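# Structural description and commentary
What follows is the residue order along each chain.
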There are 2 protein chains.
Amino acid sequence: MKLQFWFEFASTYSYPAVMRAEKLAEGRGVEIEWKPFLLGPLFHAQQGMKDSPFNVVPIKGSYMWRDIERTCEKYSLPFRRPQRFPQNGLMAARITLSLPQAERGNFVKAVYQANFIHDRDISDPQILHAAARRAGLDPLETLSAMTSETVKNELREETARAADIGIFGAPSFVTEDGEMFWGNDRLEDALDWAVRGTLRPNTQN
Amino acid sequence: MKLQFWFEFASTYSYPAVMRAEKLAEGRGVEIEWKPFLLGPLFHAQQGMKDSPFNVVPIKGSYMWRDIERTCEKYSLPFRRPQRFPQNGLMAARITLSLPQAERGNFVKAVYQANFIHDRDISDPQILHAAARRAGLDPLETLSAMTSETVKNELREETARAADIGIFGAPSFVTEDGEMFWGNDRLEDALDWAVRGTLRPNTQN
């Protein structure tokens, strides 16, 4: 079974989901398909927003920063609130798209760690270079995707596809039978659905 | 230990939380404090919205209706999508506020069931009359709160208090040490925090 994991590098709640997904998926025999996309164009097209909703609506932002801190503590994940929010994940998304699925997970995790643990600028090629190296990739080869016209187009197409599926936030999970789940707190549900095609308890029916 | 449970009668995700809260709280030795408020004024003041965000942003609405259906199935709770959304919960909120805490739970549940199982108009005094009766209350005495100036003012004050706490959605849970959690999917976390003052796993530290 496969589960599509749609994420945006700037997204706070994508961080714990990215760090947790592979182990949970493995335990259930599910394969994660990493699907980077850009949330900015969707926020703008769907809600007329030119910034993160957490900045547009400060009361939601205040809650989110406290909630993500508690959430990471719950999962024993290190977390430091980054100075810049949201960060520009365009280059990281392009690089991810250029990699085969099997190589994406480690790079994705390294970039999220740079953003949400080490407070680094993830649009900076030096930081992406270090993330590629940490993921066991050839950094120079990997970074060439940043300016590839093919990859640029592919990212535009993937972002359009996200909108077509009904995605409006990140992380979002899509099962093979087309069920969509939104949020780190739906990761377990999405994986269960990927395996069983329902969330209904076994004792029922 | 006590946990404040802030809810709005129109709110979809409040329904499963309302139906689940007492049993989960009892199992942890926590007492639920039912706190009705009006979300409409908060949506307007905080986000400039004159309708539910699920109507203002249709793509979020589509997702929510599917997600609430799945969520209720997961908890074995009956659910039928109501014709009217959002409903007007003003009278139900006033009635709830006029009741002592010990009598609130059953009335609150009866109103949510009228809305999200039986698709009844919860602003209709006949429906509220039936809900009061089902909750074991004296219906006529109970319904007199609908026009009480004291209760009207109290509801305005409670709604202002919700905004002061930082509430922007429902259900929201507030612990005695002032920690706020938003959403049915945070109910267990909120209860755990009410008991232990942390979400950190026992094995960590």
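Heads up: the structure comes first, above all this text.
Remember, it's a predicted structure, so these values are computed and weren't measured experimentally. Within any chain, residue numbers begin from 1 and follow the written order of that chain's sequence. Chain letters and ligand numbers both follow the written order, the letters beginning at A and the numbers at 1. Totals for whole chains, interfaces and linings use every residue, but because this is a predicted model, local features are given only for residues with pLDDT of at least 70 and side-chain atom pairs only at 80 or more, for both listing and counting. Side-chain measures were taken over the full set of non-hydrogen atoms in the model, leaving aside hydrogen atoms and water.

### Some details on the overall build of chain A
In this description a helix means any DSSP run of H or I spanning at least four residues, a strand means any run of E spanning at least two, and both kinds are numbered starting from the N terminus. Looking only at helices and strands, one finds 10 helices and 4 strands in chain A. Expressed along its principal axes, the backbone C-alpha trace of chain A runs to roughly 55 × 40 × 35 Å. A burial count over chain A gives 55% of its 205 residues as buried. Considering only contacts within chain A whose residues lie at least 6 apart along the sequence, 70% involve residues at least 24 apart. Only the protein chains shown count as covering a residue, and every accessible area follows the Shrake-Rupley method with a 1.4 Å probe. Summed over all atoms, the accessible surface of chain A reaches about 9,100 Å², with 47% contributed by carbon and sulfur. Charge counting follows a simple rule: Lys and Arg are positive, Asp and Glu are negative, and His as well as the terminal groups are ignored. In plain terms, the charge of a residue is placed at NZ if it is Lys, CZ if Arg, CG if Asp and CD if Glu. Side-chain charges in chain A split into 25 positive and 27 negative, and the spacing between the mean points of these groups amounts to 5 Å. Using a 1.4 Å probe on the protein chains alone, a residue whose accessible area is under 20% of its type maximum counts as buried, one over 50% counts as exposed, and one in between counts as partly exposed. Any two residues whose heavy atoms approach within 4.5 Å are treated as being in contact.

### As for the pattern of salt bridges
Oppositely charged side chains can pair when the atoms bearing their charge come close. Residue and element names in this part refer to chain A. For this analysis, a salt bridge means a side-chain nitrogen from Lys or Arg found within 4 Å of a carboxyl oxygen belonging to Asp or Glu. Across all of its chains, the model carries 32 salt bridges over all chains by this definition. Ionic pairing is found between Arg161 and Glu158, a salt bridge with its closest N-O pair at 2.2 Å. Taken together, the residues Arg161 and Glu158, both in helix H9 (residues 149-165) and 3 residues apart, mark about one turn of the helix.

### Some words on the nonpolar core
Core analysis: the biggest nonpolar cluster contains 134 residues, and Phe5, Phe9 and Phe107 of chain A together with Phe5, Phe9 and Phe107 of chain B have the highest contact counts within it. Those residues in contact with Phe5 of chain A that sit more than four places away from it in its chain are Ser14, Ala17, Val18, Ala21, Ile32, Glu33, Trp34, Lys35, Pro171, Ser172 and Phe173 of chain A. Buried Ala, Val, Leu, Ile, Met, Phe, Trp, Tyr and Cys residues that are joined via side-chain atoms within 4.5 Å together make up what is termed a nonpolar core.

### Side note on the environment of Gln101 of chain B
For Gln101 of chain B, the position within the fold is in helix H6 (residues 101-116). Those residues in contact with Gln101 of chain B that sit more than four places away from it in its chain are Ile32, Glu33 and Trp34 of chain B.

### Let's talk about the sheet that holds strand S3 (residues 172-175) of chain B
All names here are of chain B. Paired strands, in this sense, are two strands between which DSSP finds at least two bridges. Across the sheet, 4 strands lie side by side as S2-S1-S3-S4; this open sheet has mixed pairing. The sheet is open, and its two edges are formed by strand S2 (31-36) and strand S4 (180-182), each paired on a single side. Strand-to-strand twist across the sheet, computed as the mean angle between neighbouring axes with direction ignored, equals 25°. In this sheet, S2 lies alongside strand S1 (residues 2-7) in parallel orientation, the contact comprising 6 bridges. Bridged to Leu3 within S2 is Ile32. Axis lines are fitted to C-alpha atoms, over the contacting stretch for helices. Their N-to-C directions set the angle, which ranges from 0 to 180 degrees. Contacting S1 and S2, H6 crosses the sheet at an angle of about 60° to S2.

### Quick notes on the interface of chain B and chain A
Interface size is commonly expressed as the accessible surface area that is lost when the partners come together. With 31 residues of chain B at the contact, the number on the chain A side is 31 residues. Buried area adds together the accessible area that both of two parts lose upon being put together, with accessible area traced by a 1.4 Å probe. Summed over the three residues of chain B that lose the most area to chain A, namely Ile59, Tyr63 and Arg70 of chain B, the buried surface amounts to 21% of that side. The tally of links from chain B across to chain A stands at 12 salt bridges. For this analysis, a polar contact is any N or O atom pair within 3.5 Å, provided that within protein one partner can donate a hydrogen and the other can accept it, and provided that sequence-adjacent residues contribute only side-chain to side-chain pairs. Summed over the shared surface of chain B and chain A, the result is 16 residue pairs in polar contact (both at pLDDT 80 or more). The set of elements that each furnish at least two residues to the side of chain B that touches chain A consists of helix H2 (39-47), helix H4 (58-74), S4 and helix H10 (187-196) of chain B. Broken down by element, the side of chain B that touches chain A gets its largest block of residues, 9 residues, from H4 of chain B.

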